[in-house]
Amino acid sequence: MILIGRSNWVPPRQWKLWSLPRPALGYVLGVDAVAVTITALALASTLSGARTGVRPSEWVAFAVLAAASVLHLESARGIERRREMAANSSPYTNLKSLWVFAGLLLLPLSLVIALIVVSYGYSWIRVYGRTIAHRKVFSASTFILASAAAAAVLRGGGLLTEPRVPTGPFTLLVVLGAATTWWLVNFALVIGAILLSSPEATARGALGDLSDQLVVVAGLGLGVAVAALQASYPWVVPILMVTVLTLHRDLLLPQFQRAAGTDVKTGLATPSYWANAVPAELARAETLRSTVGLLMLDLDRFKEINDTYGHPAGDQALKAVGQSVRAEVRQGDLVARVGGDELAVLLPGASESEVLEVAERIRDRLSTLSVSVDTTAERTAVITGVPASIGAAVYPDVANTMDQLVLAADNALLSAKRDGRNRIVAARPNPPAVTDHSEQPVGD
């Protein structure tokens, strides 16, 4: 694998690939090796199969799909770059599956693989820019394995020759089965890589928001439509492109909005996003006569990590902390980075006991967290334990407004740090004011 930025050659010994945990490294290299094997077998089949070579109509279909894929990537370049940067420890969904699955119904597997290479190669140059190459090579490999599995389903269903678009109820079921297989194989391979690469990640966190997978499902469905039109009415495909670009925006707008409010280094919410979310949750809680819990976390002696190993190592440790905190909260809770090494957790509907239970889980997990970081000396170090002091406050028990709630949690946090760090302090309601009547005159 060639790990190159846009213009910078990275020596093989410095590839980020080698920093993966051993199980993840073996897994990634194994998937890449299987993809290379499938590519070689597909090419050999095309050159020496029952029909030698590629038909002119298939070359035309390949050119159309490749051009459409490149045009699609270029037009959505801005939104995709922002979404890819914000992707953290969950699958990064996109609409590349549209053109790949359309190719699977129209082209031999060798050209489908070529289409995948074109798509990811162009993305590398224009969309992702300087990013970690082995991840993109692995993503392309998962596409190749998923396509080979889906092609096997198509052949098993009797769709032996291209084009393999559905022409009746049975063939429709076969194509739907192939699409389902494609999605399952690709999704499972990505989830496996996430879990092996991030020991602190949970299965729930690795699955991400399953509603995001609707993007892939929509892409596969559009791929069937594109293939059918290309096979019968090729001049309609450019018109469909307008629909695809519009749907791209509508499907990914919620993800883009989340990405816009996401801290790039940690994948957590930004201070501005968090500041807007808190008053909205308080207003909702007031309407429902419910509660809102707030945790303020400050990492103890985090400056020592930056001073000892360098700021890039500190960023890696902070990202691991963010993932660990998110793994210990509920699905609807919000975790934000509100300062350099300060995090905040918003827990809608949580009672004080529930807030303190979550805080204790977070404190315990961070105090034993082990994270591998790259040091300024181009070596890898393992940091064991990133403890945090935590202040807890609950609306409306100790506060009636956002400012009061934050102030109560901040004061509790300061108490936790003064009391010895790596501990939790809960804010208490202020006692009611006592009126002194001793100086008031006594009536006759």
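A quick note: this is a predicted structure, and the numbers were derived from the prediction, not measured.

Procedures and definitions
Residues numbered from 1 in each chain as written. Predicted model: local features only at pLDDT ≥ 70, side-chain atom pairs only at ≥ 80, totals over all residues. Heavy atoms only, no water. Helix = DSSP H or I, 4+ residues; strand = E, 2+ residues; numbered from the N terminus. Buried < 20%, exposed > 50% of the residue type's maximum accessible area, 1.4 Å probe, protein only. Contact = heavy atoms within 4.5 Å. Areas by Shrake-Rupley, 256 points an atom, 1.4 Å probe, with all protein chains shown as cover. Core = buried A, V, L, I, M, F, W, Y, C linked by side-chain atoms within 4.5 Å. Phe/Tyr/Trp six-rings, centres within 6.5 Å; stacked < 30°, edge-to-face > 60°. Expected span 1.5 Å × (residues − 1). Arc of directions from axis to C-beta. UniProt positions renumbered as here; feature names shortened; annotations may be inferred. Axes fitted to C-alpha atoms, helices over the stretch in contact; angles between N-to-C directions. Parallel < 35°, antiparallel > 145°, perpendicular 65-115°, else oblique. Left-handed = near helix turned anticlockwise from the far one by under 90°. Nonpolar A, V, L, I, M, F, W, Y, C, P; charged D, E, K, R; others polar. 1 Å grid on protein atoms, 1.4 Å probe; cavity = no way out; pocket = protein on both sides within 12 Å on 5 of 7 lines; lining within 4 Å. Points joined across faces, edges and corners; volume = space filled by probe spheres on them. Pairing = 2+ DSSP bridges. Right-handed = clockwise from strand over helix to strand, strands pointing away.

A. Structural context of the overall build of the protein chain. Within the protein chain, the secondary structure is distributed over 15 helices and seven strands. Within the span of the protein chain, comprising 444 residues, buried residues form 47% of the whole. Sequence-distant contacts, at least 24 apart, represent 75% of the contacts inside the protein chain between residues at least 6 apart. Within the structure as shown, the protein chain displays about 21,700 Å² of accessible surface, and the carbon and sulfur contribution to it stands at 60%.

B. Just the nonpolar core, in detail. If you look at the biggest cluster of nonpolar residues, it comprises 55 residues, and the most contacted ones within it are Phe101, Leu104 and Trp182. Mapped onto this core, the elements with two or more residues apiece are α1 (22–48), α2 (56–75), α4 (96–106), α5 (109–128), α6 (133–156), α7 (169–197) and α9 (213–232). Excluding anything up to four places from it in sequence, Trp182 contacts Ser97, Val100, Phe101, Leu104, Phe143, Ala146, Ser147, Ala150, Val216 and Leu220. Residues Leu295, Leu297, Leu366 and Ala392 belong to the second largest nonpolar core, which totals 33 residues.

C. Region of interest: the packing of aromatic side chains. Counted by the stated rule, this structure contains five aromatic pairs. Here the aromatic rings of Tyr120 and Phe143 are separated by 5.5 Å at their centres, their planes lie at 85°, and the arrangement is edge-to-face. Separated by 23 residues along the polypeptide, Tyr120 in helix α5 and Phe143 in helix α6 bring together distant segments of the chain. Among the residues examined, Tyr120 registers a relative accessible area of 9% and is labelled buried. When the ring of Phe143 is compared with that of Trp182, the centres are 4.9 Å apart and the planes differ by 80°; the resulting orientation is edge-to-face. With Phe143 in helix α6 and Trp182 in helix α7, this residue pair connects regions lying 39 residues apart in the sequence.

D. Structural context of helix α14 (residues 352–367). Relative to the 22 Å expected for 16 residues at 1.5 Å per residue, α14 spans 22 Å between its end C-alpha atoms, a close match to the ideal helical length. Every buried residue of α14 is accounted for by Val355, Val358, Ala359, Ile362, Arg363, Arg365 and Leu366. The arc that holds every buried residue of α14, seen down its axis, measures 165°, which confines them to one face. Buried residues in α14 make contact with β1 (292–299), α13 (311–327), β3 (342–348), β6 (388–395) and β7 (424–426).

E. Structural detail: the UniProt feature "transmembrane region" (unreviewed entry) in the protein chain. Those residues carrying the UniProt feature "transmembrane region" (unreviewed entry) are residues 24–47, 99–125, 137–158, 170–198 and 210–229 in this numbering. In this annotation, residues 24–47 is assigned 100% helix and 0% strand; the end-to-end C-alpha distance for the span is 35 Å. Helix makes up 91% of residues 137–158 and strand 0%. Its end C-alpha atoms lie 32 Å apart.

F. Highlighting the packing of α4 against α7. Closest axis-to-axis distance for the α4/α7 pair is 12 Å, and the angle between their directions is 135°. The angle between α4 and α7 falls in the class oblique. For the crossing formed where α4 meets α7, the hand is right-handed. Residues Ser97, Val100, Phe101, Leu104 and Leu105 of α4 form the contact with α7, whose own contacting residues are Val175, Ala178, Ala179 and Trp182. Classifying every residue of the contact of α4 with α7 gives eight nonpolar, one polar and no charged.

G. Region of interest: unusual backbone geometry. The linkage connecting Tyr395 with the following residue, Pro396, adopts the cis geometry, with an omega of 0°. When you line up the elements, Pro396 lands in the loop between β6 and α15 (402–418). Residue Arg289 is not a glycine yet carries a positive backbone phi of 55°. The exposure class assigned to Arg289 is exposed, which follows from its relative accessible area of 80%. Positive phi is not limited to glycine here, since Asn422 has a value of about 50°. As for its placement among the helices and strands, Asn422 is situated in the loop between α15 and β7.

H. Layout of empty space enclosed by the protein. This model, assessed by the stated rule, comprises two cavities of 30 Å³ or more. Size it by volume and the second largest cavity reaches roughly 50 Å³. Taken together, Glu352, Val355, Leu356, Ala392, Ala393, Val394, Asp397, Val398, Ala426 and Ala427 make up the full set of residues lining the second largest cavity. Its residues assigned to classes, the lining of the second largest cavity shows eight nonpolar, no polar and two charged.

I. Expanded view of the pairing of β6. The element β6 is extensively covered by neighbouring structure, given that eight of its eight residues are classed as buried. Residues Ala388, Ile390, Ala392 and Val394 point to one face of β6 and Ser389, Gly391, Ala393 and Tyr395 to the other, with burial holding for every one of them. Here eight bridges tie β1 to β6, and the two strands are oriented antiparallel to one another. Of the residues in β6, the one forming a bridge with Leu294 is Ala393. Where β6 lies against β7, three bridges are found, and the strand directions are parallel. Across the sheet, Gly391 pairs through a bridge with Val425, a residue of β7. Since β6 and β7 lie parallel, the crossover through α15 that links them has a hand, and here it is left-handed.

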